[in-house]
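# Structural features, examined
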Amino acid sequence: MVEEQTQLAGPERNYMEGQQADEEQGNPENNSLHRPLLKRNLTLSSSPLALVGAKVSHIESLDYEINENDLFKQDWRSRSRVQVLQYIFLKWLLAFLVGLLTGVIATLINLAIENIAGYKLLVVANYIEKESYLAGFIYFTTANFLLTLVASVLCVCFAPTAAGPGIPEIKAYLNGVDTPNMFGATTLMVKIVGSIGAVSAGLDLGKEGPLVHIGACLASLLGQGGPDNYRIKWRWLRYFNNDRDRRDLITCGSSSGVCAAFRSPVGGVLFALEEVATWWRSALLWRTFFSTAVVVVVLRLSMEYCKSGSCGLFGQGGLILFDVSDVSLRYHVVDIIPVALIGVIGGVLGSLYNYLLHKILRLYNLINEKGKLHKLLLSLTVSLFTSACLYGLPFLASCTPCDPSLQEACPTTGRVGNFKQFNCPSGHYNDLATLLHTTNDDAVRNIFSTNTPTEFQYFSLTIFFALYCILGLFTFGIAVPSGLFLPIILMGSAYGRMLGIAMGDYTKIDQGLYAVLGAASLMAGSMRMTVSLCVIFLELTNNLLLLPITMFVLLIAKTVGDCFNPSIYEIILDLKGLPFLDAHPEPWMRNITVGELADVKPPVVTLRGIEKVGRIVDVLRNTTHNGFPVVDDREVPVGRQAIGERELHGLVLRAHLVLLLKKKWFLQERRKTEEWEVREKFTSIDLAERSVKLEEVGVTKNEMEMYVDLHPLTNTTAYTVVETMSVAKALVLFREVGLRHMLVLPKFQGSGVSPVVGILTRQDLRAHNILSAFPHLEKAKGSKKGQ
């Protein structure tokens, strides 16, 4: 793996010292991960590691910056109007395909879950109706055990990166961090099958997070022409063979995934804008909205088709639909108090949930690192515990007589319905079984149901809330695809409904709407989303009257939660060791300049515009840097004396240097090449390839003495900053533009002064790295982030 260059200017050093230092750290695959999950390096010139899935990997950044070298400029000038229109058309075509495939796969996942879980619950209901309680428990537990086993084996043995929601890794990727094997074909297939197995097994997790990951995988595979080993190399796909266009496609995929989960097109777009995307523009806004619109059309068509009964048990289920457009909503000034209380509770409980989940994930890491068997045993243990609770706890609830004025059938023994009979006599129902002996989507609809003030008892809601708090903590983190949305919605809706019952006649707001507000508050308190979450719930409920109080609850919950800890996704990013750059720099970063960073770092490795092959091979072998400044002797007018003056020509990438060696584009004498010579040997497609490794290139002893002209492949428009710029300002520029390298130039330029002071990379701008080199800034570490 390639590491960005973090050394700074000065006399050249022995390159083997850095290599030996890396070897002293030990093999990253054997990292114990005990106290911190990942090693915390003490220098700015560190070799960072990340835990992606179940494997420790070197961190590599992505090249979102346009590499404007001579070949790129020639390719751009040579594009005809037809080719430009073709490129634009293909962008929209890929956005359409992303939405179409995401909608189709989401439909298949929902159909499979509703049928597998539905028939399983029907068999259990028949056993209970016959009073064969032990046989029902054995069947229920065995079915859940086997479904969990399938999902866990697939994740552990075939695609460890498919475990979890995948949203933190998507955030990191769109922030500029490469997350290995996160968007492959194997990961996609395991994510689909694993989500079906895990959700059908009744585990306290949702399919919403995995759907976001599935959408991102589809977008990535479409953009690059398929899996790495079986890539379609059509000529038109060459336009998208770069990190920049792949980023836009993955943004469309993530928004399509949210839309597929909640049937919320605008919410999906805003989720991508607010939560996962670091870089945004109006053209991307249009394409993401187009993708989500296609998803909605596919979902609507599938639901209309399935209403005829052609999809088995999949009818109204499978998608969280809670239409309260016909509910008359009235609230008064006195209702502000309970609504604000819901927001405060959501913020406190959300931050507490984040804190406890952080501790559980660290514990699970110690178990998972013992091997594949321990991962499987952990998943299966959670499955057995969940099955025992879901089956046994409804026996604690008392039977409630049916209200004869209800239009809905009561009691119901089937899968669909608000009034499950379970073990109750005729004319009575078990309210706790209504919530536990059903799919998660149906449980949400049941607890959100309006005009049912006496349906759920306080005791049953308390058990339901406590159970899902426990299961929510211990289920997330096992080796199966899992999402956080649905468990948090169920927990929040439980205490929201309990508060609605406690308010009684003092409020005009329906208990079902209190449940909606509770779910929204806990999601805001844990995930810290506001705008996108508000729109998702608005599209979910189809009632504009809920908008003011929903906004009020979300703002309070997020504000309270921010007082205690970061969002759950930021916590997971930190646990995985992914160097995510936050939007707001720390206040103390304005007190230190990029030049001061240069003083505490080793010297930068530079190359000349026309360099010896042996020198290039030596640099590539003894460093792991991704970019090298190209420095030339400055050309001065005739009659002017200049001694030792040099100029910065630009930045050349490691992949391009390896490509030069592979193609053996060597010169016998030190000279510049002509434009036609470059076009004969290289194309823009060649420069986009990143698969060639130095170990695969052989250079003879005679070739070592030859020369290479680096000018045609050098990015002459690399982003630069002056050494007097503050680190805070450099961080904002680095993140907003989506850079991988930022060159630091001296304030004074003249004879004998190096034209480049150093290079800033992602690791250099991370707070804990800077604090390790400047301990006196530790006092300001606890300060609030800049606004």
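Because the structure is predicted, anything quoted here is derived from the model rather than measured.

Now for the overall build of the chain. Assigned secondary structure in the chain consists of 28 helices and 14 strands. A total of 787 residues make up the chain; the buried ones form 58% of that total. Relative to all contacts within the chain whose residues are 6 or more apart in sequence, the contacts with residues 24 or more apart total 79%. Total accessible area on the chain stands at roughly 32700 Å², and carbon and sulfur atoms take up 59% of it.

With mixed pairing, the 3 strands of this open sheet are ordered in space as E12-E13-E14. Two strands in the sheet have a free side with no partner beyond their single neighbour: strand E12 (720–722) and strand E14 (758–760). If you compare each strand with its neighbour and ignore which way they point, the axes differ by 35 degrees on average. In terms of strand pairing, E12 meets strand E13 (residues 742–745) through 3 bridges, oriented parallel. Across the sheet, residue threonine 720 finds its bridge partner in E13, namely leucine 743. Taken strand by strand, helix H27 (residues 727–737) contacts E12, E13 and E14, and its axis lies near 145 degrees from that of E13.

Moving on: a nonpolar patch on the surface. Taken together, the side chains of Val84, Leu85, Ile88, Trp92 and Trp286 present a nonpolar region at the surface, about 500 Å² in accessible area. For the nonpolar patch, the leading source of residues is helix H3 (residues 81–129), giving 4 residues. When its relative accessible area of 42% is taken as the criterion, isoleucine 88 is described as partly exposed.

With that settled, consider the packing of helix H4 (residues 133–157) against helix H12 (residues 372–392). The geometry of H4 relative to H12 is characterised by a closest axis approach of 9 Å and an angle of 150 degrees between their N-to-C directions. Between H4 and H12, the angle is such that the two are roughly antiparallel. Crossing handedness for the pair H4 and H12: right-handed. Along the lines of polarity and charge, the residues of the contact of H4 with H12 split into 14 nonpolar, 8 polar and 2 charged.

Turning to H4, a few remarks are in order. Its 25 residues give H4 an end-to-end C-alpha distance of 36 Å, which sits within 8% of 36 Å, the value for a rise of 1.5 Å per residue. Where H4 is concerned, the buried positions are Gly136, Phe140, Thr141, Ala143, Asn144, Leu147, Thr148, Ala151, Ser152, Leu154, Cys155 and Val156. At its buried positions, H4 is contacted by H3, helix H6 (185–200) and H12.

Applying the stated criterion across every chain yields a total of 3 disulfides. The partner cysteine of cysteine 306 in its disulfide is cysteine 311, sulfur to sulfur 2.0 Å. Its torsion about the S-S bond being -70 degrees, the disulfide of cysteine 306 and cysteine 311 is classed as left-handed. The disulfide bridge from cysteine 399 ends at cysteine 424, spanning 2.1 Å between sulfur atoms. The disulfide joining cysteine 399 to cysteine 424 has a torsion of about -95 degrees about its S-S bond and is therefore left-handed. In this pair, cysteine 399 sits in the loop between H12 and strand E5 (400–401) while cysteine 424 sits in the loop between E5 and strand E6 (428–429), placing the two residues 25 residues apart along the sequence. A relative accessible area of 6% means that cysteine 424 is categorised as buried. Among the cysteines of the chain that take part in disulfides, numbered as they appear in the sequence, the pairing is 1-2, 3-6, 4-5.

Moving on to the nonpolar core. As a rule of thumb, soluble globular proteins bury nonpolar side chains together. Counting 130 residues, the largest nonpolar core has Phe464, Leu484, Phe485 and Met527 as its most contacted members. Leave out the neighbours within four places in its chain, and phenylalanine 485 touches Ile167, Glu208, Gly209, Phe262, Phe271, Met523, Met527, Met529 and Tyr569. If you look at the next biggest cluster of nonpolar residues, it comprises 28 residues, including Val617, Val619, Phe682 and Met704.

As annotated by UniProt and renumbered to match this structure, "transmembrane region" (unreviewed entry) occupies residues 87–113, 133–159, 284–303, 336–356, 376–397, 458–491 and 544–561. End-to-end, the C-alpha atoms of residues 284–303 are 29 Å apart, and along that stretch the chain is 100% helix and 0% strand. Taken end to end, residues 336–356 has its terminal C-alpha atoms 30 Å apart, with 100% of it in helix and 0% in strand.

This brings us to the packing of helix H5 (residues 167–175) against helix H9 (residues 265–276). H9 packs onto H5 with a crossing angle of 70 degrees between their chain directions and a minimal axis gap of 10 Å. For the element pair H5 / H9, the angle class is roughly perpendicular. Every residue of H9 that contacts H5 at Ile167, Lys171 and Leu174 is listed here: Phe271, Glu275 and Val276. Residues belonging to the contact of H5 with H9 are distributed by class as follows: 4 nonpolar, no polar and 2 charged.

What follows covers the side chain of asparagine 446. Within the fold, asparagine 446 resides in helix H14 (residues 440–448). The buried category is assigned to asparagine 446, whose relative accessible area is 5%. Looking at asparagine 446, its side chain comes within polar contact range of the main-chain oxygen of threonine 434, at 3.1 Å.

Another point: unusual backbone geometry. At arginine 263, a residue that is not glycine, the phi angle is positive and equals roughly 55 degrees. Look at arginine 263 and you get partly exposed, because its relative accessible area is 22%. Located in the positive-phi region is phenylalanine 422, a residue other than glycine, with phi close to 55 degrees. Within the fold, phenylalanine 422 resides in the loop between E5 and E6. The class for phenylalanine 422 is buried, based on a relative accessible area of 12%.

Taken in spatial order, the 3 strands make up an open sheet running E7-E9-E10, and their pairing is mixed. Single-partner strands in this sheet number two, and they are strand E7 (607–608) and strand E10 (646–653). Looking at chain direction, E7 and strand E9 (residues 627–633) are connected through 2 bridges and run parallel. Each residue of the ladder has a partner; that of arginine 608, found in E9, is valine 631. Contacts from helix H23 (residues 654–663) reach E7, E9 and E10, with the element oriented near 80 degrees to E10.

Here the focus is the packing of aromatic side chains. Per the counting criterion, the structure on display carries 15 aromatic pairs. With centroids separated by 6.1 Å and ring planes inclined at 45 degrees, the aromatic side chains of tyrosine 127 and tyrosine 139 adopt a geometry described as tilted. With tyrosine 127 in helix H3 and tyrosine 139 in helix H4, the pair connects residues that are 12 residues apart, well separated along the chain. Under the relative-accessibility criterion, tyrosine 139 is labelled partly exposed at 30%.

Cut-off values and rules
- Residues numbered from 1 in each chain as written.
- Predicted model: local features only at pLDDT ≥ 70, side-chain atom pairs only at ≥ 80, totals over all residues.
- Heavy atoms only, no water.
- Helix = DSSP H or I, 4+ residues; strand = E, 2+ residues; numbered from the N terminus.
- Buried < 20%, exposed > 50% of the residue type's maximum accessible area, 1.4 Å probe, protein only.
- Contact = heavy atoms within 4.5 Å.
- Areas by Shrake-Rupley, 256 points an atom, 1.4 Å probe, with all protein chains shown as cover.
- Pairing = 2+ DSSP bridges.
- Axes fitted to C-alpha atoms, helices over the stretch in contact; angles between N-to-C directions.
- Patch = residues over 30% accessible without salt bridge, like charges linked within 9 Å, V, L, I, M, F, W, Y side chains within 5 Å.
- Salt bridge = Lys/Arg side-chain N within 4 Å of Asp/Glu carboxyl O.
- Parallel < 35°, antiparallel > 145°, perpendicular 65-115°, else oblique.
- Left-handed = near helix turned anticlockwise from the far one by under 90°.
- Nonpolar A, V, L, I, M, F, W, Y, C, P; charged D, E, K, R; others polar.
- Expected span 1.5 Å × (residues − 1).
- Disulfide = S-S within 2.5 Å.
- Core = buried A, V, L, I, M, F, W, Y, C linked by side-chain atoms within 4.5 Å.
- UniProt positions renumbered as here; feature names shortened; annotations may be inferred.
- Polar contact = N/O pair within 3.5 Å; in protein donor to acceptor, adjacent residues only side chain to side chain.
- Phe/Tyr/Trp six-rings, centres within 6.5 Å; stacked < 30°, edge-to-face > 60°.

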